[in-house]
Amino acid sequence: MAIGAFNIATEICCVLFLLTMLIALVYKQERSRSFMYIILIFLAEILSVVADLFFRFRNAGSAAGAGIYVDYAISYAAYVFLVCSFSWYFFARFEEKGAQRIHPTLRWWVVAYSVFLVVLVVSSVWTGWFFRNDGYGSLEPTEYFNWVAYIFLPLILFDFYVIWRHRTVLGRTETAVMFLYVVLPSAAYVLDMRYSTVLAHLALTLVASMLYIFVETEQEKRLIRTRQELAEMHLNSMTAQINPHFIHNTLSSIESLARSRPEEARALMNSFSEYMSDSYMDMTKRPVIPFWEEMEHVEHYLAIEKVRFPNLVVVTDLEALDFPVPCLSVQPLVENAVKHGICRVRKSSGTVTITSRETDRAFLVTVTDDGAGFDPAAEPDTTRPHLGIENTARRLEMLCGGTLTVQSRPGVGTECRMVLPKEGKRS
């Protein structure tokens, strides 16, 4: 009696837990084939547990009636459908990982054998192969009841075969997890047949939890990939906007120097060539680069700007050089400092300071100018440096898990501070 009450309480807990996860899954924006089979797995297991609960309640009563046969049929039919859904989930997952499509003959063999199992098990209500009426309106197992476990064996062996065959496509971790999907419920089901427990439902609830965690993990991976793609799109957008203006201004400077100061024009041309060929064009192909390489890009840019603004002073204090940063992350901050800070108040003089430091947990980069500054509380103007700073901050967070803070005072200057945690994201 105590075991029966424990089994019923356990199955009720399983149903509630499965329903909670199923509701969470339904609200996810996911429409892949493997995900749809996961939904079917949840539905089949819930139906199997609920039917099993009704079967236990009716079987414990004094007059179970015909309803007990319906409960029995639904419970085992749902379980067979559950096993079939697992096989089709494996097929869909293999194809999503790049494997060849499973041959249609094998697919339909799974369906045909599942139908055979349903007919065989459910018909035993009338044939008496696995269950028989005890004469009081309830069902009791026959001496052949334990054979139910063996008739599922071909499907289980088939799942083992296809998982092993696709192990190179899945990788070690996912292969091991898929084997657990098969082994845990199968072993628990054998113990259920021997000791009349509900270990199979507990094992299937555990497997359902693993599937739920898998869906969450896959969505998180896709979200990270999407953020990285968006970061690259922002980068391409930034370079598309910066490049024409910068080229125009530089070529105008070269033109103006060519007649009166040809040597300076030649030096400017060399700096411009190095900026474009060695640094600028190459860095757009990589979302994350070493800080020292980003600084080479900054130095090429400043060499060109110093020709246009001879009294521009640049101070660098770099204690750390070998750590990853998003490409074109420091350069836009320096460009904003020059064009929107220094040049807005005194076009012939001003100081830009670049520093880098290493702490126990992070790398710090600051770009400071003593230019015009701005009011952070004012409404942002998208034609001003704010847009470039926002794009840089977004890419910094997406690619390196870092942050960008800006402090500014009108008439005093601006400080941009990048913090890149040592355990941040890597592209």
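Predicted, not measured: the structure shown is a model, and the values here were computed from it.

(A) View of helix 6 (residues 153-165). Taking 1.5 Å of rise per residue, 13 residues should cover 18 Å, and helix 6 covers 18 Å from first to last C-alpha, within 8% of that figure. All of the buried residues along helix 6 are Leu 155, Ile 156, Phe 158, Asp 159, Val 162 and Ile 163. In an axial view of helix 6, the angular spread of the buried residues amounts to 160 degrees, which keeps them on one side of the axis.

(B) Geometry of the sheet that holds strand 6 (residues 350-358). On the basis of which strands lie adjacent, the open sheet formed by five strands has the order 4-6-7-9-8 and mixed pairing. Every interior strand has two partners, whereas the edge strands, strand 4 (312-318) and strand 8 (403-409), have only one. Between one strand axis and the next, the sheet turns by 10 degrees as a mean value, whatever way the strands run. Here strand 4 runs beside strand 6; their pairing, made up of seven bridges, is parallel. Each residue of the ladder has a partner; that of Thr 316, found in strand 6, is Ile 354. Along the sheet, helix 11 (residues 291-308) contacts strand 4, strand 6 and strand 7 (362-369); its crossing angle with strand 4, the most-contacted strand, is approximately 165 degrees.

(C) Highlighting unusual backbone geometry. For Leu 328, which is not glycine, the phi dihedral falls at a positive 55 degrees. Within the element layout of this structure, Leu 328 appears in the loop between strand 5 (324-326) and helix 12 (330-345). Overall, the relative accessible area of 4% leaves Leu 328 in the buried class.

(D) Main features of the environment of Gly 341. When you line up the elements, Gly 341 lands in helix 12. Ignoring any residue separated from it by four or fewer positions in sequence, one finds Gly 341 in contact with Asn 336, Asp 369, Gly 371 and Ala 372.

(E) Here's a closer look at the environment of Leu 202. When you line up the elements, Leu 202 lands in helix 9 (residues 199-260). Along the backbone, Leu 202 and Cys 14 are 188 residues apart, and their C-alpha atoms lie at a distance of 6.9 Å. Beyond its immediate sequence surroundings of up to four residues, Leu 202 is in contact with Thr 10 and Cys 14.

Analysis parameters
Residues numbered from 1 in each chain as written. Predicted model: local features only at pLDDT ≥ 70, side-chain atom pairs only at ≥ 80, totals over all residues. Heavy atoms only, no water. Helix = DSSP H or I, 4+ residues; strand = E, 2+ residues; numbered from the N terminus. Expected span 1.5 Å × (residues − 1). Buried < 20%, exposed > 50% of the residue type's maximum accessible area, 1.4 Å probe, protein only. Arc of directions from axis to C-beta. Pairing = 2+ DSSP bridges. Axes fitted to C-alpha atoms, helices over the stretch in contact; angles between N-to-C directions. Contact = heavy atoms within 4.5 Å.

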